[in-house]
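Structural overview for review
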Amino acid sequence: MESFLQPVADLFGPLWVVVWTLVKIIAIVAPLMGAVAYMTLAERKVIGFMQVRIGPNRAGPFGLLQPVADGLKLLFKEIIAPTRASKSLFFLGPVLAIAPALAAWAVVPFSDGLVLANVNAGLLFLMAITSLEVYGVIISGWASNSKYAMLGTLRAAAQMVSYELSLGFALICVLMVSGSLNLTEIVTGQGEGYFASMGLGILSWNWLSLLPMFGVFFISGIAETNRAPFDVVEGESEIVAGHMIEYSGMSFAIFFLAEYANMILVSVLTTVFFLGGWLSPVGFLPDGIWWLLAKAAFLLFVFLWVRATFPRFRYDQIMRLGWKVFIPLCLFWVFVLGIWIMSPLSIWK
Amino acid sequence: MDLSFPTLCFYLFSAILVFAGLRVITSRNPVHAVLHLVLAFFTSGMIWMLMQAEFLAIAIVLIYIGAVMVLFLFVVMMLDMNVDRMREGFWRYLPVGLVVAAIMVAEMAVVLNGHYFSGVTLQPSPLTDGSLSNTRELAKIIFTDYAYPFELASLILLVAMIAAVMLTHRRRESARRIDPAQQIAVKARDRLVIHSVAPEKADVVTSAQQEESAK
C-alpha cells in the first residue's frame, strides 16, 4: 500500500497530507451517507413489519430505490425562506446541525488502527463536539421567525442540555474503568480480563460491569438525538415538526441527514464504549470491523424497535427522567465504582 | 519571520478571533452578537489547541459553548430587546467605558511585560513533549500537588450552585403537582368501568322486518 501510494504522494508534495486526509474523510463520510439513506428505508420497512404493514415497495425491487427517489424529490423542491426570517442564520442552521454529526466521526475507531485521528483526548473531543449539536436546532428555530419553530427549539435546547449531563456521567464511568481517554485504548481494554482469557470476551466488555450506565448511556443517546419516545421536539401531533417546520427541500433534508447520522453515531459510540467495539464476542472467532458494524446495526434496530413500541413521553416526564432519575443514579454509580476500583475486589487491575 | 503551518494557523485564528470580538460589540442584533461570542470562544479554544493545551481547548468548547452560551442564547432569544433605546446613553457612558478600557489595557501591559510572564509562554512546557497526554499530566498535577486548592474550588462551585437553586426555587401554593409514583400505580379498574348491557338484538330484527313488510 505504501509503495503503491508513494508516486502519488510525490506528485502532491507537501500538500499530500491534506489530500490523503481528505481521501480518508471521504472514505468515512460516503459510506455513512449511504447508511443514512438506507437507514430511512430500513426504518419504514421495520416499523411497517411491526405494525403489520408492507412499507415502501414501489420504487425498485422491495422498495430499494426509495431513498434515491426521496433524495431526488427533496433535491428538486424549492427552498423557501419565510418572510422576516434572519436569512443568513436560517441557512446556517442546517449546516450547524450536520457539521458536529460528521465531525465526531474523526475519532471513532472502526478497527485496531483504523481511525482518522487517534487523539489522546478522544472521549473529551466527542463530548465537546456533540455538545455543539444543539446550536443547529436553536439557530434554525430562532431564525425561522415562527412560533412552532420557537417552541420546538425551547424544548430541544432544554432536553439536549439535560441529557448531555447523564451522557457525560456515563462516559466518566467508562473513563474510570479504562483509565484512558483514547477510544482505541478503551476498546482494547475491554478485551482483557477474567472472562476474555477464558475465550468469552462478551462477558468482559463494559456493558456487564457497568450495566446501569450502559442503559443510561443508550437511553440518553435516544433522548439526545430527539428520537421517539423522546421526540417532543418535533412532536407531529402538537408542534408539527418543531424547529424544522419552515424548512423545505434540501435544507430540510440536511436536518434529516443529521438526525440519522447522529443515530448511527450514538449506536457506534455505544458499541465502542460498552460492547467491545470491533472485538469478537467469543475467542475462536477473529476480531474485525464487521463486529463493530454488526453491533451498531443491532443497536440501530433497537432505535427503530423502541420507536415502534413506546408511546411518546410527556415533556415533564422527559425532564424528570433526565434530572431526577438518571443524574442521581449516575452520581451514585460513580461513587460505587470509585470504591469498587479502589477495593481488593477490583476487576480492572 | 518564521511562516510555518502553526504560525499561519495562529494568525488566521487570531484574525477570526479579533473580528468575532469586534462583531460582539458592534452587532445591532443581540442574537448575532451572542453567536459571534460563540465563534470567539471557539477560536480561542483553537488557539489553545495550537499551544498544545488540548484539555483547556476542549473544556472551553464543552463548558462555555456547549452549556453556558446555550443558556445565554436562550435568554437573549427570549428577551425582546430594543437596541435603539439601549444605544441612547452611548455618549453619556463613553467616558466611563474608556476609563475601564484604559485600566484593562494597562493591567494587561503590566502582566505581559512583567518578568514573571516573559519567555514562559513561548517555550513548550516539559509536560507536553509529545509522548505524554496533556490531559493525563494535568490530572496528575491537579490531584497531587494542587489537590487542596482544587477541592476548595470545587466546593465553592458546589455551594454557588446550591445557592443559585435555593434563590430561584419557590414553591407556589396554587401550583398543581403530579406524583409520578401515583400515576404509575394506576390500574385500569381505577379509570374504567365496564357495564354489561342486555342485548337488544331481537327488537332490532323485528323493527327491520316491520319496515320491510311496510314496503
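Everything numeric here is computed off the predicted structure, so don't read it as measured data.

Section: the overall build of chain B
- In terms of regular secondary structure, chain B is built from 10 helices and zero strands.
- For chain B, the succession of helices and strands along the chain, N to C, is α-α-α-α-α-α-α-α-α-α.
- Taken across its 215 residues, chain B has 18% of its residues classed as buried.
- Long-range contacts, defined here as pairs at least 24 residues apart, represent 57% of the contacts in chain B between residues at least 6 apart.
- As presented, chain B carries roughly 17600 Å² of accessible surface, and 68% of it is formed by carbon and sulfur atoms.

Side note on helix H4 (residues 87-103) of chain A
Residues and elements named next belong to chain A.
- Across its 17 residues, H4 extends 25 Å between first and last C-alpha, which sits within 8% of the 24 Å expected from 1.5 Å per residue.
- Of all the bends found along H4, the most pronounced is centred on Gly93 and spans about 25 degrees, while Pro94, a proline, follows it within four residues.
- Those residues of H4 that fall on the buried side of the exposure criterion are Leu89, Phe90, Gly93, Pro94, Ala97, Ile98, Pro100 and Ala101.

Considerations on the environment of A:Val233
All names here are of chain A.
- Mapped onto the fold, Val233 is located in the loop between helix H11 (211-224) and helix H12 (249-274).
- Val233 sits in the buried class, given a relative accessible area of 0%.
- Note: C-alpha distance between Val233 and Tyr148 (85 residues apart in sequence) is 10 Å.
- Residues in contact with Val233, not counting those within four places in the same chain, are Gly152, Arg155, Ala156, Gln159, Asn226, Ile239, Ala241, Gly242 and His243.

Looking at the packing of aromatic side chains
Residue and element names in this part refer to chain A.
- Per the counting criterion, the structure on display carries 17 aromatic pairs over all chains.
- Note on Phe90 and Tyr247: the rings are 4.2 Å apart at their centroids and 5 degrees apart in plane angle, and the pair reads as stacked. With Phe90 in helix H4 and Tyr247 in the loop between H11 and H12, this pair connects stretches of sequence that are 157 residues apart. Of the two residues examined, Phe90 and Tyr247, each falls in the buried class.

Focus on the interface of chain A and chain B
- On the chain B side, the residues contacting the 28 residues of chain A number 25 residues.
- Of the roughly 2200 Å² buried between chain A and chain B on both sides combined, carbon and sulfur atoms contribute 76%.
- When the area that chain A buries against chain B is broken down by residue, the three leading residues are A:Leu124, A:Tyr135 and A:Trp142, summing to 25%.
- Inspection of the region where chain A meets chain B yields zero salt bridges.
- Here chain A is connected to chain B by one residue pair in polar contact (both at pLDDT 80 or more).
- Counting residues per element, the ones that place at least two in the side of chain A that touches chain B are helix H5 (122-131), helix H6 (133-143), helix H7 (147-178) and helix H14 (315-342) of chain A.
- In terms of residue count, H7(A) provides more of the side of chain A that touches chain B than any other element does, six residues in total.
- Along the lines of polarity and charge, the residues of the side of chain A that touches chain B split into 17 nonpolar, seven polar and four charged.

Some thoughts on the pattern of salt bridges
All names here are of chain A.
- This structure, assessed with the given rule, holds seven salt bridges over all chains.
- In this structure, the salt-bridge partner of Arg307 is Glu43, at a minimum N-O distance of 2.6 Å. Note that Arg307 is positioned in helix H13 (residues 289-309) and Glu43 in helix H2 (residues 16-50), a separation of 264 residues in sequence.
- Residue classification places Glu43 among the buried residues on the basis of a relative accessible area of 4%.
- Overlapping salt bridges, with partners in common, bring together Glu43, Arg227, Glu259 and Arg307 in one network.

Concerning the packing of H4(A) against H12(A)
Residue and element names in this part refer to chain A.
- It is the contact of H4 with H12, at a shortest axis distance of 9 Å, that shows an interaxial angle of 20 degrees. Here H4 lies roughly parallel to H12, going by the angle between them. Of the two elements, H4 crosses H12, and the hand of that crossing is left-handed. Here H4 contributes Gly93, Pro94, Ala97, Ile98 and Ala101 to the contact with H12, which in turn contributes Ser251, Ile254, Phe255, Leu257, Ala258, Ala261, Asn262 and Leu265.

Focus: the environment of A:Trp20
Residue and element names in this part refer to chain A.
- Its location among the elements puts Trp20 in helix H2.
- Relative accessible area serves as the criterion here: at 29%, Trp20 is assigned to the partly exposed category.
- Through-space distance from the C-alpha of Trp20 to that of Ala9 is 8.5 Å; in sequence the pair is 11 residues apart.

Quick word on a nonpolar patch on the surface
All names here are of chain A.
- On the surface, Val8, Leu11, Phe12, Leu15, Val17, Val18, Leu22 and Ile25 cluster together into a nonpolar patch covering about 730 Å² of accessible area.
- Mapped onto the nonpolar patch, the elements with two or more residues apiece are helix H1 (2-12) and H2.
- With four residues, H2 is the largest single contributor of residues to the nonpolar patch.
- You can see Val18 is positioned in helix H2.
- Judged by its relative accessible area of 47%, Val18 falls in the partly exposed class.

Observations regarding the nonpolar core
All names here are of chain A.
- Counting residues in hydrophobic clusters, the biggest one holds 103 residues, and the most contacted among them are Trp105, Tyr135, Leu210, Met213 and Phe273.
- Counting residues per element, this core draws most heavily on H12, which supplies 13 residues.
- When sequence neighbours within four positions are dropped, the list of residues in contact with Leu210 reads Cys173, Val174, Val177, Phe274, Trp333 and Leu337.

Reading the values: the criteria
Residues numbered from 1 in each chain as written. Chains lettered and ligands numbered in written order. Predicted model: local features only at pLDDT ≥ 70, side-chain atom pairs only at ≥ 80, totals over all residues. Heavy atoms only, no water. Helix = DSSP H or I, 4+ residues; strand = E, 2+ residues; numbered from the N terminus. Buried < 20%, exposed > 50% of the residue type's maximum accessible area, 1.4 Å probe, protein only. Contact = heavy atoms within 4.5 Å. Areas by Shrake-Rupley, 256 points an atom, 1.4 Å probe, with all protein chains shown as cover. Expected span 1.5 Å × (residues − 1). Bend = angle between axes of the 7 residues up to and from the residue. Phe/Tyr/Trp six-rings, centres within 6.5 Å; stacked < 30°, edge-to-face > 60°. Buried area = accessible area lost by both parts, 1.4 Å probe. Salt bridge = Lys/Arg side-chain N within 4 Å of Asp/Glu carboxyl O. Polar contact = N/O pair within 3.5 Å; in protein donor to acceptor, adjacent residues only side chain to side chain. Nonpolar A, V, L, I, M, F, W, Y, C, P; charged D, E, K, R; others polar. Axes fitted to C-alpha atoms, helices over the stretch in contact; angles between N-to-C directions. Parallel < 35°, antiparallel > 145°, perpendicular 65-115°, else oblique. Left-handed = near helix turned anticlockwise from the far one by under 90°. Patch = residues over 30% accessible without salt bridge, like charges linked within 9 Å, V, L, I, M, F, W, Y side chains within 5 Å. Core = buried A, V, L, I, M, F, W, Y, C linked by side-chain atoms within 4.5 Å.

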